[in-house]
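Descriptive structure summary
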Amino acid sequence: MDPIRKFDLKAIIACILIYAVVQGLIAVEVIGPFWELNIVLICINIILAVSLNLINGYTGQFSIGHAGFMAVGAYTGAVITVKLGLPFALGLVVATISAGLLGFLIGLPTLRLDGDYLAIATLGLGEIIRICILNIDYVGGASGLMGIPRFTNFTVAFWLMIAIIFFIKNFKNSAPGRCCLAIRENEIAADTMGINTTKYKVMAFTLGASFAGTAGCLFSHYFFLAHPATFTFMKSFDILTMVVLGGLGSMTGSICGATLLTFISAYLSDFPEWRMVIYSVTMIVLMLRRPQGLFGSEELSRKMFRLGGRQNG
Amino acid sequence: MLQVKDINVYYGAIHAIKGISLEVSDGEIVALIGSNGAGKSTTLRTISGLMKPKSGRIIYDDQDITGRPAHKIVSMGLCQVPEGRRVFANMTVLENLEMGAYTRKDKDGIAQDMKKVFESFPRLLERKEQLAGTLSGGEQQMLAMGRALMSKPKLLLMDEPSMGLAPLLVKEIFNIIKEINASGTTILLVEQNANMALSIADKAYVLETGRITLSGTAKELASSEAVRKAYLGG
């Protein structure tokens, strides 16, 4: 098989087009600073959503501590650039690796749990990470780490997002990715097929956590600060909401969910008192009408258009 | 080929298997029969590595496999068809079969075995692209069996293949089990349908509340008064 398939080539061209258009609009100031901020935020949220989808959607392990890994990335990256004065690229790499390492260490014991128990354990772990950071004076404690230079821009966020999306897409279609899907479908059957279930669960968890670290590093280098209050369990739920809204197990779904919810939040920032109401109503209506999420576990493809309304039937 | 020596298995404080020993020789069909809760499935799960015995030993192919993880045991050619037709519901029939060959690297051999599976189960070929979750109960059982065969097992453990199937289908499934055996795979079969199991088995063990109470050739057991009364309906 060709290393770059026809579909991938088309997708890459599409990405370049999208990038050129948005970057052009930013350059001629059709897109003002407010929307530019939100577009970067969309990129970051998409990274968070697709990486959580890798754990929750593909591997079927219900983790809700994603903000914790994001925090690790945000702070590690900031320490590298602010405290040590090293380049941003190194910060991104170290943020990714350290979040992944933590994911690996945490994943080993907790992934023996399943269902509700895993959810509670990861929720707790996310909070533990946050409280730990809150008490480290070196990184600013409760007042947060301030004075982080704005190294993230649309270009960096967009292309990192594309790289991560491609990585996860290819991972899904690889042999380890298939094992993850098999574990989601039926862990005992996967076990009897000779799949080392613990290994692949930890692998998915580690990858997901490390990309959350990347997103965190982008985040702190766009908003000038890393603050513990940003990474509460509400943030974890936000990410989870994006994934579930789009459809667990669908990459396209995660991307659309993240985009849609970021847009809704941005539009509603003018009506702060109505924001949570409208947000919640959207969720309730969606869960009533389409409990499987916007895309179910399907991907956007030509097949989907051909089959038309099959899923609604 | 397989020797189980005096294994004891617990579910927490419950002593489920109380010192079971059994033996399966090359090329045989061996049946484990017994009523609900006798410990048949637990025995199978222990052999395939899904559960660990507290004491006792399991020898397969002259190697001690006691306490080895399931995925390592599969690559030694010992594969289990789990109870209740555990197929990967959201994968197609073809993808399910491909997952079965997970431990193998020989592409030609895999393609050949895929062909063989489709020959044994023509119905799966018709539904190759269908999601496994949409198959009927019987077809799912066939798929679970086909998937296990894809790992090219030397010893196949089957957990209640007749469960929840119509009598006609049960007959078909058992015919296929006989064929699989005839083509060189040794089979250890757990069954509640003692009649059917004894009709194809060479040897059988009767389990009662975690102990083996009777054993012998299938013919002997089928004509034994105690077995007839308890399991074969007079």
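Just so it is clear, the model here is predicted, and its values are computed rather than measured.

Conventions used here
- Residues numbered from 1 in each chain as written.
- Chains lettered and ligands numbered in written order.
- Predicted model: local features only at pLDDT ≥ 70, side-chain atom pairs only at ≥ 80, totals over all residues.
- Helix = DSSP H or I, 4+ residues; strand = E, 2+ residues; numbered from the N terminus.
- Rg over C-alpha atoms; globule rule 2.2 N^0.38 Å.
- Buried ≥ 20, exposed ≤ 12 C-beta atoms within 10 Å, placed from the backbone.
- Contact = placed C-beta atoms within 7 Å.
- pLDDT = per-residue confidence, 0-100.
- Nonpolar A, V, L, I, M, F, W, Y, C, P; charged D, E, K, R; others polar.
- Core = buried A, V, L, I, M, F, W, Y, C linked by C-beta atoms within 7 Å.
- Domains from an automatic or database assignment.
- Pairing = 2+ DSSP bridges.
- Axes fitted to C-alpha atoms, helices over the stretch in contact; angles between N-to-C directions.
- Parallel < 35°, antiparallel > 145°, perpendicular 65-115°, else oblique.
- Left-handed = near helix turned anticlockwise from the far one by under 90°.
- Right-handed = clockwise from strand over helix to strand, strands pointing away.

Here the focus is the overall build of chain B. Counting its regular elements, chain B contains ten helices and ten strands. Its C-alpha atoms give chain B a radius of gyration of 17 Å, within 12% of the compact-globule value 17 Å for 234 residues. In terms of overall dimensions, chain B has a C-alpha envelope of 45 × 40 × 30 Å along the principal axes. Counting every position in chain B, which comprises 234 residues, the buried fraction comes to 46%. A sequence separation of at least 24 residues applies to 67% of the contacts in chain B between residues at least 6 apart.

Residue and element names in this part refer to chain A. Looking at chain A as a whole, the pLDDT averages 89, with 94% of positions reaching at least 70. The least confident element of chain A, judged by mean pLDDT, is helix 13 (residues 302-307) at 53; the most confident is helix 9 (residues 197-220) at 96. Of the regions scoring below 50 in pLDDT, residues 307-313 engages in two contacts with residues more than four places distant in sequence or in other chains.

Right, let's get into the interface of chain B and chain A. Taken residue by residue, the interface counts 20 residues in chain B and 14 residues in chain A. When residues in the side of chain B that touches chain A are grouped by element, the largest group, three residues, is from helix 2 (residues 70-74) of chain B. Of the residues belonging to the side of chain B that touches chain A, the class tally is eleven nonpolar, eight polar and one charged.

Grouped together as the largest cluster of nonpolar side chains are 156 residues, with contacts concentrated most on Ile47 of chain A together with Ala31, Leu189 and Ala204 of chain B. Take this core: its biggest share by element is 15 residues, from helix 2 (residues 33-58) of chain A. Residues contacting Ile47 of chain A, with those up to four places away along its chain left out, are Leu160, Met161, Ile164, Phe211, Thr214 and Ala215 of chain A.

Let us now look at the domain arrangement of chain A. Assigned domains within chain A: domain 1 (1-31) and domain 2 (34-233). Once you take the C-alpha centre of each, domain 1 of chain A and domain 2 of chain A turn out to be 25 Å apart.

To continue, consider the sheet that holds strand 1 (residues 2-11) of chain B. All names here are of chain B. Spatial strand order, 2-1-4-5: four strands in an open sheet with antiparallel pairing. The strands lining the two open edges of the sheet, one partner per strand, are strand 2 (14-24) and strand 5 (63-64). In this structure, strand 4 (residues 55-60) lies alongside strand 5, joined through two bridges in antiparallel fashion. Residue pairing for strand 5: Tyr60 is matched across the bridge by Gln63. The sheet contacts of helix 1 (residues 40-47) involve strand 1, strand 2 and strand 4, and relative to strand 2 the element is tilted by about 65°.

In this section: the environment of Leu131 of chain B. Residue and element names in this part refer to chain B. Take Leu131: it is sitting in the loop between helix 5 (122-126) and helix 6 (137-149). For Leu131 and Ala89, which are 42 residues apart along the polypeptide, the C-alpha to C-alpha distance reads 6.4 Å. Those residues in contact with Leu131, other than ones at most four positions away along the chain, are Ala89, Asn90 and Thr92.

Turning to the domain arrangement of chain B, a few remarks are in order. All names here are of chain B. Looking at the assigned domains, one finds that chain B contains domain 1 (1-77 + 153-234) and domain 2 (86-152). Using only C-alpha atoms to locate each centre, domain 1 and domain 2 end up separated by 23 Å. Between domain 1 and domain 2, the residue contacts involve 13 residues of the former and ten residues of the latter. With five residues, helix 7 (residues 167-182) is the largest single contributor of residues to the side of domain 1 that touches domain 2.

All names here are of chain B. The sheet contact formed by strand 1 and strand 2 spans eight bridges and is antiparallel. Across the sheet, residue Val9 finds its bridge partner in strand 2, namely Ile17. As consecutive antiparallel partners, strand 1 and strand 2 are separated by two residues, and within that stretch Gly12 has a phi angle of approximately 60°, a positive value.

Residues and elements named next belong to chain A. Of note in this structure, Glu29 is not a glycine but carries a positive phi near 60°. Considering the arrangement of structural elements, one finds Glu29 in the loop between helix 1 (6-27) and helix 2. Judged by the 9 C-beta atoms lying within 10 Å of it, Glu29 is exposed.

Residues and elements named next belong to chain A. It is the contact of helix 2 with helix 6 (residues 154-173), at a shortest axis distance of 9 Å, that shows an interaxial angle of 15°. When the axis of helix 2 is compared with that of helix 6, the two are roughly parallel. Where helix 2 crosses over helix 6, the two elements pack in a sense that is left-handed. Here Glu36, Ile39, Val40, Cys43, Ile44, Ile46, Ile47, Val50, Leu54 and Tyr58 of helix 2 lie close against helix 6, whose contacting residues are Phe154, Ala157, Phe158, Leu160, Met161, Ile164, Ile165, Ile168 and Lys172.

Before going further, it helps to spend a moment on the sheet that holds strand 8 (residues 186-191) of chain B. Residue and element names in this part refer to chain B. Spatial strand order, 6-7-8-3-9-10: six strands in an open sheet with mixed pairing. Only two strands of the sheet have a single partner each, and these edge strands are strand 6 (78-81) and strand 10 (211-217). When the angles between neighbouring strand axes are averaged without regard to direction, this sheet yields 15°. Inspection of the sheet shows strand 6 paired to strand 7 (residues 155-159) by four bridges, in the parallel sense. The partner of Val81 across the bridge, within strand 7, is Met158. The sheet contacts of helix 1 involve strand 3 (29-34), strand 6, strand 7, strand 8 and strand 9 (203-208), and relative to strand 7 the element is tilted by about 145°.

On to the pairing of strand 7 of chain B. Residue and element names in this part refer to chain B. Most of strand 7 is tucked away, with five of its five residues classed as buried. Burial along strand 7 is two-sided: Leu155, Leu157 and Asp159 and Leu156 and Met158, pointing in opposite directions, are all buried. Looking at chain direction, strand 7 and strand 8 are connected through five bridges and run parallel. Paired with Leu157 across the bridge in strand 8 is Leu188. Once you follow strand 7 into helix 7 and on to strand 8, the crossover reads as right-handed.

Let's shift gears to helix 7 (residues 175-185) of chain A. The buried fraction of helix 7 of chain A amounts to nine of the eleven residues, a majority that puts the element mostly inside the structure. Within the sequence span of helix 7 of chain A, burial applies to Gly177, Arg178, Cys179, Cys180, Leu181, Ala182, Ile183, Arg184 and Glu185 of chain A.

All names here are of chain A. Note that Ala226 resides in the loop between helix 9 and helix 10 (233-246). The exposure class assigned to Ala226 is buried, which follows from the 29 C-beta atoms found within 10 Å. Taking the C-alpha atoms as reference, Ala226 lies 6.4 Å from Tyr75; in sequence the two are 151 residues apart. Beyond its immediate stretch of four places on either side in the chain, Ala226 contacts Ala74, Tyr75, Ala78, Gly144, Leu145, Ile148 and Ser220.

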